[in-house]
Amino acid sequence: MKSLESESIQNENTMSRIFASSISKDHIGQNLTLIGWIEDFRDMGKIGFISVRDMTGNFQGVLTGELLSTLRDVPRQSVILVKGTIQETKAENFQVEVKVEKIELLSKATNPLPIDPTGRVKSSMDKRLDSRALDLRNYKISNIFKTRSYVLNLIRKFLYSRMFVEVNTPKIIGSATEGGADLFGFEYFSKKAYLAQSPQLYKEQLTLGLERVFEISSYFRAEPSHTVRHLSEFVSVDLEAAFLDYGDIMDIVQELVISTINDLFVHRNKEMTLFENKQEILIDKIPRITYQKCLEDLKSLGEKIEFGEDLSDPALKKLGEIYPSFYFITDWPTKLKPFYILEHEKKPELSRSFDLQYGYLEIVSGGTREHHSERLRNKLLEKGLDPKSFSDHLQTFEWGMPPHSGCGLGFDRLMMMITNSTNIREVVLYPRDTERLSP
Ligand code: 4AD
Ligand code: MG
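Parameters at a glance
- Residues numbered from 1 in each chain as written.
- Chains lettered and ligands numbered in written order.
- Predicted model: local features only at pLDDT ≥ 70, side-chain atom pairs only at ≥ 80, totals over all residues.
- Heavy atoms only, no water.
- 1 Å grid on protein atoms, 1.4 Å probe; cavity = no way out; pocket = protein on both sides within 12 Å on 5 of 7 lines; lining within 4 Å.
- Points joined across faces, edges and corners; volume = space filled by probe spheres on them.
- Nonpolar A, V, L, I, M, F, W, Y, C, P; charged D, E, K, R; others polar.
- Helix = DSSP H or I, 4+ residues; strand = E, 2+ residues; numbered from the N terminus.
- Near = heavy atom within 4 Å.
- Polar contact = N/O pair within 3.5 Å; in protein donor to acceptor, adjacent residues only side chain to side chain.
- Areas by Shrake-Rupley, 256 points an atom, 1.4 Å probe, with all protein chains shown as cover.
- Sits in = over half its atoms within 2 Å of the grid points.

### Re empty space enclosed by the protein
This model, assessed by the stated rule, comprises one cavity of 30 Å³ or more. Around the largest cavity sit Glu-223, Ser-225, His-230, Leu-231, Ser-232, Arg-425, Asp-433 and Thr-434, which together line it. A class-by-class count of the residues in the lining of the largest cavity yields one nonpolar, four polar and three charged.

### Quick notes on the environment of Glu-382
Structurally, Glu-382 can be placed in helix H10 (residues 373–382). Note: C-alpha distance between Glu-382 and Gly-302 (80 residues apart in sequence) is 34 Å.

### Observations concerning unusual backbone geometry
Note that the residue after Asn-111, namely Pro-112, is joined by a cis bond; omega there is 0°. Position of Pro-112 relative to the elements: it lies in the loop between strand E5 (96–107) and helix H2 (125–130). Here the residue pair Ser-438 and Pro-439 is connected by a cis peptide bond, since its omega of -5° sits within 30 degrees of zero. Structurally, Pro-439 can be placed in the segment after helix H12 (411–419). One non-glycine residue, Glu-276, lies in the positive phi region at around 55°. Looking at where Glu-276 falls in the secondary structure, it is placed in the loop between helix H7 (269–274) and strand E12 (288–290).

### What about the site of ligand 1?
With respect to spatial proximity, 24 residues lie near ligand 1, and among them Glu-178, Gln-200, Lys-203, Arg-221 and Glu-362 are the closest. Within the side chain of Gln-200, one N or O atom sits 2.6 Å away from a nitrogen atom of ligand 1. Ser-365 is positioned with one of its side-chain polar atoms (N or O) 2.9 Å from an oxygen atom of ligand 1. Within the complex, the protein chains bury 92% of what would otherwise be the 620 Å² of accessible surface of ligand 1. Here ligand 1 occupies the largest pocket. Contributing elements (two or more residues each) for the shell around ligand 1: helix H5 (200–210), strand E11 (233–242), strand E15 (361–368) and strand E16 (404–410).

In structure tokens:
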């Protein structure tokens, strides 16, 4: 039997191929080249049907004779180049089909594969993540990441339109950004260095020269928590703007989130249906609920939280029942917030801060910053941090630091909401958590 193995991919001009989604009745009678992964092969004896997937969708090929018997030896998910004539089809799912005249095997898949990428045989998330590259051959999964890419582009376009400048700040840093203990430390030549928890200090400093900045990057937190919404490495969309207050930042976040989701329902409706996301946002305002009001709401549900306490997981779950969609929790107790957050002048126990929630899930944290160097130094001391470790940062506050505000949006968490995923690992290609360090 003739082998399908090709000698070299250069034998065929793979660039002249046509994509599966592009072939239509207009092509009937034409001889075309298609490439893809064999997803299905139905062998009826004298005739066989293959379903082959490329990045745009599937096409059907019809085979007979020697080609059919040769294909019997080729495992599914192998990559083939198909040449054939486009013809009418009786199949319901396809407009046309390819009467296969030549097949070239470009890459053979092993058999059996570690997971079934069609999703017909279910695999655990761990097994899927172990074989992530193959997992992406599943249509629904690859669409999560195509949508992720689309949303990143929307966010960038939105922020450019608001005069924000995209920046890149170091991820190898010499001292903690947020204070706190959840830092990954390592040896940096003869010094101690850390992986950045956020771009907080840099983005604040940059308002001095650029006024409005944003950064989209990975950040690192040594959080030992094993939850469906925390990873050790996550992507955040951070922004910072001079001369805006936390209310203005909430306006920006509100417009960013609403316009993004509305855009998805218009331009990516097929994907939103695939994700079974029914959260169509028709509102133009996201409710702003004070921390104090949240305590009252929780009390009426029998969940007693004293002023100054953080909202626990069960409390957030209960709030999520009252407010199942997006809402802001504003004016958090100052003592719950990091050193850089400004308090209310007349009520210093409350801060000019907010979180954007989606039900129980925190998506954004932000606020107005302290911009006076002496007061910032005192804040560090109050939080038990050493101003000497922040001397580079503090000196910039003496160079004409503008009043400024900003926020950090957990991009993976926004993608959880958009793709209707209950586990953050679904929306991150290669998640890192307390246990997972590979692939
Ligand atoms: O709430 P966080 O810690 O706020 C900051 O980093 C501030 N510097 C932001 C600011 O400008 N004030 O982190 C911001 C967001 C969170 O709301 C959450 O969505 C996400 O980042 N996030 C995580 N996502 C996944 N895994 C983790 N371990 C995360 N930690 C924070
Ligand atoms: Mg937060």
